[in-house]
Amino acid sequence: MSVRTTEEAEPGAEDGRAGAAARKREQHGWYFYDFACSVYSTSVLTVFLGPYLTAVAKAAADSEGYVHPLGIPVRAGSYFAYSVSASVIVAVLIMPLVGALADRTGRKKPLLAVAAYTGAAATAGMFFLDGDRYLLGGLLLIVANAALAVSMVLYNAFLPQIATPDERDTVSSRGWAFGYTSGALVLLLNLVLYQGHNSFGLSEGAAVRICLASAGLWWGAFTLIPLRRLRDRAVVREPGAGPAVSGWRQLVATLKDMRRYPLTLSFLLAYLIYNDGVQTVISQASVYGSEELELEQSTLIVAVLLVQVLAVVGALGMGRLARVYGAKRTILGSLAAWGLTLAAGYFLPARTPVWFFALAAMIGLVLGGSQALSRSLFSHLVPAGKEAEYFSAYEMSDRGLSWVGPLVFGLTYQVTGSYRDAIISLVFFFALGFVLLARVPVRRAVRAAGNPVPERI
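Residues numbered from 1 in each chain as written. Predicted model: local features only at pLDDT ≥ 70, side-chain atom pairs only at ≥ 80, totals over all residues. Heavy atoms only, no water.

**Quick notes on the pattern of salt bridges**
Within this structure, the stated rule accounts for seven salt bridges. Two residues, R23 and E167, come together in a salt bridge whose shortest N-O distance is 3.2 Å. Taken together, the residues R23 in helix α2 (residues 16–60) and E167 in the loop between α6 (159–162) and α7 (168–195) connect sequence positions 144 residues apart. Taken as a pair, R23 and E167 share a single burial class, namely buried. (Salt bridge = Lys/Arg side-chain N within 4 Å of Asp/Glu carboxyl O. Helix = DSSP H or I, 4+ residues; strand = E, 2+ residues; numbered from the N terminus. Buried < 20%, exposed > 50% of the residue type's maximum accessible area, 1.4 Å probe, protein only.)

Next up, the structure:
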């Protein structure tokens, strides 16, 4: 099926000052979805849920340290990592279908609302995760993580429609900066609540559950802004386009269509590999800090807060570097820095917060930029009219296929009993991703997708 939006069908329809002002308004609204949902990634996935769900699983474990979801013996220390993997597999099954539906109907915004509020509700429900309810925790994590991944397909698919080719690195970087700003703000409030839980008459566990639930409330509240400012584009069928298909037939059709753009697929493969490492570090860093380095929860919160602040600087700074050196070269530099950072993390001494803070600073400086520039670079490789379908494949790489890293992390720990061995195993993802990305001729890939080539890419 081939479709295009009315803007693509009528070039120049939004030219002039009125069009530029309308585009800026949408961009500002678009930034706020990052502002809304990033608190889930920061407060829930990165800081609180990993150590807390691990503790809940340990409370439910047998004498040998195993829990038995669906009758399968799982070491309690690996349960969180396996739950993250399961959430990603669920997302893989849903994202291409939602992306195809969005492109076929042009109704990205209502689909974004459904996904966002499903994830926000599941996150708010984590308030009820106490005692030995590890199965409830795993279920809510799977729903929230999968909903976030689906919502990001739709959110990212707006980028080519609200920003010109030369604007996309800047717009994408600002979106990430908004997200990291909100993550830092909410995490600071979480730190006050967690550190002073006795003063508020709360147990430590109750404070953690309030922090988890508040992320869901924040996510839901600020999603209202992009839903008011973003607008759907009417879909115009190309002459001779076939009838709309649905379900798995559409997924197969999308995958077949992507074979027409092998260079786009080459980029996706590289991104799949290195971003798997990024997502695993994000989700497992707190577990590594608490279990292997024996750091206090308050130390982990401060470290992640440091990451959030420096990620804003990193996202904006790497956006500037991309304007000088191009997005591809800047991303390659960030991947080299990721590998060195993880190698250093392997040697961190236990119970020494200052070195963990240094590691967090290194991660923060490369985290936002590598993600923002990957998103904007991919937007140049998407054929017009197929934004949601192709960004569903991108999101499968971003969150949807990022189950291999957590699985490798969990299996390494299950076999060796060492989180140090688990963390060093992730260097492979950045090294291989670097090699694969370096081989992608991005200018040729942009032309092959039928898009104008920016001066710097």
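What follows picks up the thread again.
**With respect to the side chain of S38**
Within the secondary structure layout, S38 lies in helix α2. In this structure, S38 is in contact with G179 and S182, ignoring residues within four places of it in sequence. (Contact = heavy atoms within 4.5 Å.)

**Quick notes on unusual backbone geometry**
Phi is positive for L70, which is not a glycine, with a value near 55°. Here L70 is to be found in the loop between β2 (66–67) and β3 (74–75). Positive phi outside glycine occurs at R351, with the angle close to 55°. Following the sequence through the fold, R351 ends up in the loop between α13 (327–346) and α14 (353–379).

**Examining α14**
The terminal C-alpha atoms of α14, which comprises 27 residues, lie 39 Å apart, in line with the 39 Å expected from a rise of 1.5 Å per residue. Summarising burial for α14: 20 of the 27 residues are buried, a large majority. (Expected span 1.5 Å × (residues − 1).)

**Some remarks on the confidence of the model for the protein**
Mean pLDDT over the protein works out to 84, with 90% of the residues at or above the 70 mark. Across residues 6–15, where pLDDT falls below 50, the model places 13 contacts with residues more than four positions away in sequence or in other chains. For the stretch residues 238–247, pLDDT sits under 50, and the model shows 13 contacts to residues farther than four places along the chain or on other chains. (pLDDT = per-residue confidence, 0-100.)

**Observations concerning the packing of aromatic side chains**
What characterises a pair of aromatic rings is the spacing of the ring centres plus the angle enclosed by the ring planes. Evaluated as defined, the whole model comprises 22 aromatic pairs. Residues W30 and Y155 carry aromatic rings whose centres are separated by 4.4 Å and whose planes lie at 15° to one another, so their mutual orientation is stacked. Within this pair, whereas W30 is found in helix α2, its partner Y155 is found in helix α5 (residues 134–157), the two being separated by 125 residues in sequence. Take W30 and Y155: they sit in the same class, and that class is buried. (Phe/Tyr/Trp six-rings, centres within 6.5 Å; stacked < 30°, edge-to-face > 60°.)

**Observations concerning helix α18 (residues 427–438)**
Taking 1.5 Å as the rise per residue, α18 with twelve residues should run 16 Å; its terminal C-alpha atoms sit 17 Å apart, in good agreement. Where α18 is buried, its residues touch α11 (262–292), α13 and α16 (404–416).

**Overview of a nonpolar patch on the surface**
Judged by side-chain polarity, I89, V90, L93 and I94 come together as a nonpolar surface patch covering roughly 300 Å² of accessible area. Structurally, I94 can be placed in helix α3 (residues 79–105). Its relative accessible area of 35% is what places I94 among the partly exposed residues. (Patch = residues over 30% accessible without salt bridge, like charges linked within 9 Å, V, L, I, M, F, W, Y side chains within 5 Å. Areas by Shrake-Rupley, 256 points an atom, 1.4 Å probe, with all protein chains shown as cover.)

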